[in-house]
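Results of the structural survey
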Amino acid sequence: MIRVNGLTKVYGSGDAAVHALRGVDLEIPEGDFVAIMGPSGSGKSTFLSILGCLERPSSGDYYLDGRDVNSLEDDELADLRNKKLGFVFQSFNLLPRHNVLRNVEMPLIYAGVPSDERRKRAQELLEQVGLGHRLTHKPAELSGGEQQRVAIARALANNPLVIFADEPTGNLDTKSSLEIMEIFQQMHRAGRTIVLVTHEPDIAAYARRVIHFRDGKIVREETK
Amino acid sequence: MMNFADLVQIVWENLRAHRLRAVLTTIGIAIGIAGVIAVVAVGQGGQAVIISEIEKMGSSLYFDISPDYMRGETADSNTFSIEDPTIIKELSPAVDKMAAITLGPMVDVRLPSSDKKTIMASLYGTNPDLIHIMNLSLEKGRFITDLDVTSHSRVVVIDAGLAEDLFPKEDPLGKKIFVQDTPLTVVGVLEKAPSSMMDMFNVRSLYSPITQAQDMLNTKVINQLCGTAVSEEALPQAISDSIKILESRHSSVSNHYVGTTLEEQLEMVGKVTSILTTVIGAVAGIALLVGGVGVMNIMLVAVTERTREIGLLKALGARRRDIMQQFLGEAVALCLLGGLIGMVVGIGGAFAIALAAHWPPLISVWTVLLAIGFSVIIGIFFGLYPASRAASLSPAEALRHL
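Residues numbered from 1 in each chain as written. Chains lettered and ligands numbered in written order. Predicted model: local features only at pLDDT ≥ 70, side-chain atom pairs only at ≥ 80, totals over all residues. Heavy atoms only, no water.

1. With respect to the overall build of chain B
Looking only at helices and strands, chain B has 14 helices and 10 strands in total. For chain B, whose C-alpha radius of gyration is 32 Å, the value lies well above the compact-globule estimate of 21 Å for 402 residues. Expressed along its principal axes, the backbone C-alpha trace of chain B runs to roughly 100 × 50 × 30 Å. Counting over 402 residues, chain B shows a buried share of 50%. Of the contacts formed within chain B by residues at least 6 apart in sequence, a portion of 81% connects residues at least 24 apart. Carbon and sulfur atoms provide 64% of the accessible area of chain B, an area that totals close to 19,000 Å². (Helix = DSSP H or I, 4+ residues; strand = E, 2+ residues; numbered from the N terminus. Rg over C-alpha atoms; globule rule 2.2 N^0.38 Å. Buried < 20%, exposed > 50% of the residue type's maximum accessible area, 1.4 Å probe, protein only. Contact = heavy atoms within 4.5 Å. Areas by Shrake-Rupley, 256 points an atom, 1.4 Å probe, with all protein chains shown as cover.)

2. Looking at the nonpolar core
Counting residues in hydrophobic clusters, the biggest one holds 70 residues, and the most contacted among them are A:Phe47, A:Leu51, A:Leu64 and A:Phe164. The element best represented in this core is helix α13 (residues 365-391) of chain B, accounting for 8 residues. In contact with A:Phe164, other than residues within four places in its own chain, are A:Ile2, A:Leu48, A:Leu51, A:Gly52, A:Leu85, A:Gly86, A:Phe87, A:Val88 and A:Val195. Core analysis: the next-biggest nonpolar cluster, separate from the first, contains 42 residues, B:Phe63, B:Met134, B:Ile210 and B:Val269 among them. (Core = buried A, V, L, I, M, F, W, Y, C linked by side-chain atoms within 4.5 Å.)

3. Some words on the pattern of salt bridges
Here the structure, examined in full by the defined rule, presents 29 salt bridges over all chains. Across the pair B:Arg306 and B:Glu330 runs a salt bridge, and its minimum N-O distance is 2.7 Å. Of this pair, B:Arg306 sits in the loop between α10 (262-305) and α11 (307-315) while B:Glu330 sits in helix α12 (residues 320-357), and the two are 24 residues apart along the sequence. A residue is classified by how much of its surface remains accessible, and B:Arg306, at 7% relative accessible area, is buried. A network of salt bridges, in which partner residues are shared, links A:Arg102, A:Glu105, A:Arg118, B:Asp6 and B:Glu13. (Salt bridge = Lys/Arg side-chain N within 4 Å of Asp/Glu carboxyl O.)

4. Some points on the interface of chain A and chain B
Counting residues at the interface gives 26 residues for chain A, matched by 29 residues for chain B. For the pair chain A and chain B, the summed buried surface comes to about 2,400 Å²; carbon and sulfur atoms form 51% of the total. Summed over the three residues of chain A that lose the most area to chain B, namely A:Arg97, A:Arg102 and A:Tyr110, the buried surface amounts to 32% of that side. Across the contact surface, chain A and chain B share 5 salt bridges. Counting across the chain A and chain B interface gives 14 residue pairs in polar contact (both at pLDDT 80 or more). Looking at the side of chain A that touches chain B, the elements with two or more residues in it are α2 (74-84) and α3 (100-110) of chain A. (Buried area = accessible area lost by both parts, 1.4 Å probe. Polar contact = N/O pair within 3.5 Å; in protein donor to acceptor, adjacent residues only side chain to side chain.)

5. A short note on the sheet that holds strand β4 (residues 59-64) of chain A
Residues and elements named next belong to chain A. Here we have 4 strands laid out as an open sheet, ordered β2-β1-β4-β5, and antiparallel in their pairing. Every interior strand has two partners, whereas the edge strands, β2 (18-28) and β5 (67-68), have only one. Sheet topology places strand β1 (residues 2-11) next to β4; 5 bridges connect them, and they run antiparallel. Its bridge partner lying in β4, Val4 is registered against Tyr62. Relative to the sheet, helix α1 (residues 44-51) contacts β1, β2 and β4, its axis offset from that of β1 by approximately 120 degrees. (Pairing = 2+ DSSP bridges. Axes fitted to C-alpha atoms, helices over the stretch in contact; angles between N-to-C directions.)

6. With respect to the confidence of the model for chain B
In the predicted model, chain B carries a mean pLDDT of 87, and the fraction of residues at 70 or more is 95%. In the model of chain B, helix α7 (residues 197-200) of chain B stands out as the element of lowest mean pLDDT, 50, in contrast to strand β5 (residues 155-158) of chain B, which has the highest, 95. (pLDDT = per-residue confidence, 0-100.)

7. Considering the environment of B:Asp322
In this fold, B:Asp322 is placed in helix α12. Under the relative-accessibility criterion, B:Asp322 is labelled buried at 1%.

Now the structure itself:
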C-alpha cells in the first residue's frame, strides 16, 4: 500500500545543504505495523513526514494506495491527509483553546461531515479510548496520557488507512506509555496500518517490523 | 470544507481564549465607528434644527443685504444708513418691509437692584418692520415704533427666555433693566417660540430702537438690512433694486452688496454642515484605519504564535482555503465586535449630545449599516495578509516551529 523508491530529501543548498535522506526504498503492505528506529539526525522523522505527505521529497517516487503522491496538488494532499492518514505526535499537538470533543471533530469538520454525525462519531472515538467522560474538558486539564489518547481518537476520526506516529510515548511516563502502546496494538489487530518512529527498543518491540535508519538510509530491518 | 456555522463557532472559541486581547484590539475600530455614527447623527440633527429655525424665522419672501462676507468684507459706518430702509421701500415697488440691524452680539443685561448677576444676550438695534420680517409675535406690550427710533427712546423688547430669567414672578412691562449699564424700560415681551434654536443655545435676545442701540454700543455701524418682498416672484427684483439703490446712495463705499434669500441661506447651512461632517468623519476614518492596522498587527502575532497549530490543522486535512477562512474570520470578527461596540457607544453619544443641545439625534439605519459594513470590510482588508501568510506555511515546517 505504501511504496517508496530512491527517496531523497535535501534541506538548504550549496555548502549548507543537509542530506536528510539519501535514497530510501521501502514497501509497507496494508495492515503492517512498522517501527522506525535510529539515532537523532538519522532521517527517520523526515522520512515519516514525507510518508505523511507533510512535505515533499527532493527526488524519488512515492506511491500511496496506488496513487503517485508526487503528482498531487497541495489541496489534493490536504484531502489525502484528511481522509487516508492519521497523525499522532510526541507533544500531542492538541488545540489548546478548544475542548476535547472539538479537537476530535476537527478532521471531520474539514471532511464536511454534518454536525450531528460528527459529534456522534467523535463521542464514540473518545469512548473507545476511555475518555467518554471528559468531552468538554480543555486539553490542559488532562494528563499527558489522556491527551495522547485524545490525539489517537482524532487520528482515527476519518477512519484512515494509515496511522503515523512520531515518538508517541516520548513525553509520557512508563504506565501511560504502556496504555498508549496497548491502544496501538489493538489498532494493529483491527487491521490498521501503523508506522511509528521511536528510539526506545521497548516501544519498537510492539511492531511487527523494525527498520533501522542511519545517515539517511535504511541500514537494517528485523521482522518478528 | 468548513461550513459557516462551524467557522463561527471555531472563531468564537479561539477569540474567547484571549478576551482581553480581543477587546483591546477592537478599541480603535470602536472609536472610529462610534465617531462616524455620532458625528453623522449630531450633524444631521443640528442641520435639521438650523433649517427648521431658518424656515420658521421668515417666509419665502425673506431676504437680507450684507457686505460680501465671502470676500472678507465687513460693514463700516458708511455701508448702510438708518434712512436706507425707508428710501428703499419708497423707491422699489418690489420691497414690502425693510429693517436695518445693528447687532450687539454679547451685551450684559442685569436688573437695577443687583450689579452682580448679569446675563449675556444679543442686542438687536432695529426699526419697527423687523417684527414682521422675522415673524416675531408679542406676548404682551408693544414692539419698537418709528417714534422710538427718531427720539432715541430708552425702551427695550425682551424675549420670553430673558423675561423668565429676569422677572420669574413679576410682570416685566414697565420695569427697568440695565443693558451695558444703560437703563432701559421694558415695553414688550415676545412670545416663547416652540423649541427655538436660540433657546437651546441659551441665547437671549432683546430689541431696541436702532438709534438707541447705536448710542449704547457706541457705534454707527449697521450690520445688515433685511426685508421681505411683496411676492415670491418679486424677490429677485427686490434684491436687485435694494442693491442698486444702496450703490447709488453709498457710492463712496468700496464694498460689494450681496443679497441672500432664505433658500440660499439654507443651502449655505447645508454646505457648512456637510463640510464639518466630512472633516470630522475623516478624523473618524483615520481612527478606523489605525484600528485596522491594530487588528492586522494582532493577527500577525496570532499567526506567529500559532504556527505549530496551523501545521497541525494542515496535517488534519485543512486546505489553504480553510486556514484562510479561519484567520480571516477572526479578523472580521474582531472588527465586527469593534463595530458593534462602536455602534452602541456612537448611538449613546449621539443621544447624549442631542440631549445636551436639545435637538433630535438623527440616526439613520443607513449610517449604522454602512458603519458595520465598513468594519467588516476593514476586517477583510487588514486580515487578508496575515491570513494568507498563515495559509501558505508548509505543514512540516509549521509543525517543526516552536
